[in-house]
Amino acid sequence: MSEATAEAAADRVPRHQIRAAYTADTVTVYQAYRPGIGVPAARDGRFPPEWKRERMTWVKPSFLWMMYRCGYATKAGQETVLAVEITRAGFDLALGDACLSHYVPGVHADRAAWKQALRTASARVQWDPERDLHLNPLPYRSLQLGLSGETSRAYADEWTVSIRDVTPLAREVHGLLRSGEPEAARALLPVETPYPAGPLKHLVA
């Protein structure tokens, strides 16, 4: 796909849409960690004890948004990029219980109602501009899903099916871009299609 074709396709994508690599039973999300956590997680297929289960953790279904966040695995503390395959049942449960991380008139009755929902929700959603290969913002949004409390622990210890280290892929894509081969880089990207989450009016999706 040429840059021009990609730009034309971007104009047709809904502003709020979940796109992901998924199967009938699982969906892939991305996270980046320091090697001390990322390497054993990929090796053992589960997060190590050092992974703080009591803290909020953010997962991203978009590979390119993860590349933006970690700078193609060049940022300190984010040198190891993980593709975490989790159950769709868990992912859908988190989406259904999530609250937007910011107040949106029309979605929430008022700010007080939003704050109450935020306090009680075990997950929260933030929509940030999706990114292209060069990490420039696109005119539509990418989902970030924050998990806390029991939901964070369930993600790590119950929903996770597999964990893969995709740092080599991130570096290969980045290397091709720096060599002036964007089409070759694009061909390596994971295939992400609209995720059938159903109507999520509470998340403006």
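Residues numbered from 1 in each chain as written. Predicted model: local features only at pLDDT ≥ 70, side-chain atom pairs only at ≥ 80, totals over all residues. Heavy atoms only, no water.

Caption draft 1: The arrangement of the packing of aromatic side chains in detail. Taken as a whole and assessed by the stated rule, the structure comprises eight aromatic pairs. Taken together, a centroid distance of 5.3 Å and an interplanar angle of 85° make the contact between Tyr22 and Tyr195 edge-to-face. Residue Tyr22 is located in the loop between β1 (19-20) and β2 (26-33), and its partner Tyr195 is located in the segment after β9 (193-194); the two are separated by 173 residues in the primary sequence. When its relative accessible area of 30% is taken as the criterion, Tyr22 is described as partly exposed. Members of the aromatic cluster, each reached through a chain of ring pairs, are Tyr33, Phe47, Trp51 and Tyr155. Lying over the aromatic face of Tyr68, Lys75 brings its terminal NZ or CZ to 6.0 Å of the ring centre. A cation sits over an aromatic face here: Arg131 above Tyr68, 3.6 Å from the ring centre. (Phe/Tyr/Trp six-rings, centres within 6.5 Å; stacked < 30°, edge-to-face > 60°. Helix = DSSP H or I, 4+ residues; strand = E, 2+ residues; numbered from the N terminus. Buried < 20%, exposed > 50% of the residue type's maximum accessible area, 1.4 Å probe, protein only. Lys NZ or Arg CZ within 6 Å of the ring centre and 35° of its normal.)

Caption draft 2: Seen up close, the sheet that holds strand β5 (residues 98-100). Strand order in the open sheet formed by four strands is β3-β7-β6-β5, with mixed pairing between adjacent strands. The open sheet has two free edges, formed respectively by β3 (57-59) and β5, since each of these has just one partner strand. Along the sheet, successive strands turn relative to each other by an average axial angle of 40°, direction set aside. Taken together, the eight bridges between strand β6 (residues 123-131) and strand β7 (residues 137-147) define a ladder with antiparallel strand orientation. Along β7, the bridge assignment pairs Asp128 with Ser142. Against the sheet, helix α3 (residues 63-70) contacts β6 and β7, and its axis sits at roughly 85° relative to β6. Here helix α5 (residues 111-120) sits on the sheet in contact with β5 and β6, set at roughly 140° to β5. (Pairing = 2+ DSSP bridges. Axes fitted to C-alpha atoms, helices over the stretch in contact; angles between N-to-C directions. Contact = heavy atoms within 4.5 Å.)

Caption draft 3: Representation of helix α4 (residues 88-97) within the structure. Residues of α4 that are buried: Arg88, Gly90, Phe91, Ala94 and Leu95. For α4, the arc enclosing every buried residue in end-on projection is 165°, short of the 170-degree limit, so these residues lie on one face. Of the exposed residues in α4, the ones pointing more than 90 degrees away from its buried face are Ala89, Leu93 and Gly96. Among the structural elements, β2, β4 (80-87), β5, β6, β7 and α6 (149-159) are those in contact with the buried residues of α4. (Arc of directions from axis to C-beta.)

Caption draft 4: The arrangement of the sheet that holds strand β8 (residues 160-165) in detail. With antiparallel pairing, three strands are arranged side by side in an open sheet as β2-β4-β8. The strands lining the two open edges of the sheet, one partner per strand, are β2 and β8. Sheet twist, expressed as the average angle between the axes of neighbouring strands with direction ignored, equals 25°.

Caption draft 5: Expanded view of helix α2 (residues 35-44). Taken residue by residue, α2 has Ile37, Gly38, Pro40 and Ala41 as its buried positions. Where α2 ends, the next residue or the one after it, Gly45, has phi of about 75°, a positive value.

Caption draft 6: Inspection of the nonpolar core at higher detail. Phe47, Phe91, Leu95, Val125, Leu145 and Tyr155 are the most contacted members of the largest nonpolar core, which has 33 residues in total. Among the secondary structure elements, those contributing two or more residues to this core are β2, α2, β4, α4, β5, β6, β7 and α6. With four residues, α6 is the single largest residue contributor to this core. Once residues lying within four places of it in the same chain are set aside, the contact partners of Leu95 are Ile18, Val125, Leu143, Leu145, Ala197, Leu200, His202 and Leu203. By size, the runner-up hydrophobic cluster in this structure holds 20 residues, among which are Met66, Met67, Val81 and Ala83. (Core = buried A, V, L, I, M, F, W, Y, C linked by side-chain atoms within 4.5 Å.)

Caption draft 7: Highlighting the pattern of salt bridges. Taken as a whole and judged by the stated rule, the model has six salt bridges. Arg43 is the partner of Asp44 in a salt bridge, and the nearest nitrogen-oxygen pair spans 3.0 Å. As a salt-bridge pair, Glu150 and Arg153 come within 2.9 Å of each other at their nearest N and O atoms. With a gap of three residues between them, Glu150 and Arg153 both fall in helix α6, about one helical turn apart. (Salt bridge = Lys/Arg side-chain N within 4 Å of Asp/Glu carboxyl O.)

Caption draft 8: Molecular detail of unusual backbone geometry. Non-glycine residue Tyr72 carries a positive phi angle of around 55°. On the secondary structure map, Tyr72 appears in the loop between α3 and β4. For Leu135, which is not glycine, the phi torsion reads 70° and is therefore positive. Among the structural elements, Leu135 can be located in the loop between β6 and β7.

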